[in-house]
Amino acid sequence: MKTSFDFEKRLLGYGLMTAEILYRLPDHPKLLQSFLWQTEDQAPKFPELTRFLVFWEREIEGRIHSVRVAHQTLISPVDFRYADGEIVVH
């Protein structure tokens, strides 16, 4: 049975990436505009985000001021903790 491409990407470390891009308006360079973008990307290199920012610099007039990134892997190890105590049942 073949696994789906999306599942294989998740096993390779891809997860949901959200980028907030602050950029300057061409006609009003003192004003900042916000643009939110989400996609599946692989931390910490973020190849999809890098391609998008290269496209932005080449095709869009608004000069980028800053980029904030949040990333959450969709498949991660199970978290568990040992209980530090004793339970007595009568």
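Before reading on, note that the structure itself is shown above.
Residues numbered from 1 in each chain as written. Predicted model: local features only at pLDDT ≥ 70, side-chain atom pairs only at ≥ 80, totals over all residues. Heavy atoms only, no water.

1. A few points about the overall build of the chain
What counts here: Per the convention used, a helix needs a DSSP run of H or I reaching at least four residues, while a strand needs a run of E reaching at least two, with both numbered from the N terminus. Summary of the burial criterion: residues with accessible area below 20% of their type's maximum are buried, those above 50% are exposed, and those between are partly exposed, where the area comes from a 1.4 Å probe applied to protein chains only. Any two residues whose heavy atoms approach within 4.5 Å at even a single point are treated as in contact. Accessible areas in this description were obtained via Shrake-Rupley with a 1.4 Å probe; residue shielding takes into account the shown protein chains only.
In terms of regular secondary structure, the chain is built from two helices and three strands. Per-residue burial over the chain gives 19% buried out of 90 residues. Taking as baseline every contact in the chain between residues at least 6 positions apart, the subset at least 24 positions apart corresponds to 60%. Carbon and sulfur atoms provide 56% of the accessible area of the chain, an area that totals close to 7,800 Å².

2. Topic: unusual backbone geometry
Pro-44 follows Ala-43 through a cis peptide bond whose omega is 5 degrees. Along the polypeptide, Pro-44 turns up in the loop between strand 2 (32–42) and helix 2 (47–59). Backbone geometry places Phe-46, a non-glycine residue, at a positive phi of 50 degrees.

3. A word on the sheet that holds strand 1 (residues 14–24)
The strands making up a sheet associate through backbone hydrogen bonding, with each pair oriented either parallel or antiparallel. Where we set the bar: DSSP calls a pair of strands paired once it identifies at least 2 bridges connecting them. Throughout, an axis means a line fitted to C-alpha atoms (over the contacting stretch in the case of helices), and angles, computed between N-to-C directions, take values from 0 to 180 degrees.
The strand order across the open sheet built from three strands is 2-1-3, with neighbouring strands paired in antiparallel fashion. Pairing within the sheet leaves two strands with one partner each, and these edge strands are strand 2 and strand 3 (63–73). For this sheet the average axis-to-axis angle between neighbouring strands, irrespective of direction, equals 20 degrees. Packed on one face of the sheet, helix 2 meets strand 1, strand 2 and strand 3 and runs near 145 degrees to strand 2.

4. Considering the packing of aromatic side chains
We count it as follows: Think of it this way: a Phe, Tyr or Trp ring, Trp meaning its six-membered ring, pairs with another when their centres are within 6.5 Å, and the plane angle makes it stacked under 30 degrees, edge-to-face over 60, tilted otherwise.
Enumeration according to the criterion identifies six aromatic pairs in this entry. Here the aromatic rings of Tyr-23 and Trp-56 are separated by 5.0 Å at their centres, their planes lie at 65 degrees, and the arrangement is edge-to-face. Note that Tyr-23 is positioned in strand 1 and Trp-56 in helix 2, a separation of 33 residues in sequence. We classify Tyr-23 as buried; its relative accessible area is 16%. Using a relative accessible area of 3% as the deciding quantity, one classes Trp-56 as buried. Where Phe-52 meets Phe-55, the ring centres are 6.4 Å apart and the plane angle is 35 degrees; that geometry is what we call tilted. Pair noted here: Phe-52 and Phe-55 are both in helix 2, with a separation of three residues, about one helical turn.

5. With respect to the nonpolar core
Basically, it comes down to this: Among buried residues, those of type Ala, Val, Leu, Ile, Met, Phe, Trp, Tyr and Cys that are joined through side-chain atoms within 4.5 Å constitute a nonpolar core.
If you look at the biggest cluster of nonpolar residues, it comprises 10 residues: Met-17, Ala-19, Ile-21, Tyr-23, Trp-37, Phe-46, Leu-49, Phe-52, Trp-56 and Ile-64. Put simply, the parts of the chain that give this core at least two residues each are strand 1 and helix 2. Broken down by element, this core gets its largest block of residues, four residues, from strand 1. Among all residues touching Tyr-23, those that are not within four sequence positions of it are Leu-31, Leu-32, Gln-33, Ser-34, Phe-35, Trp-56, Gly-62, Arg-63, Ile-64 and His-65.

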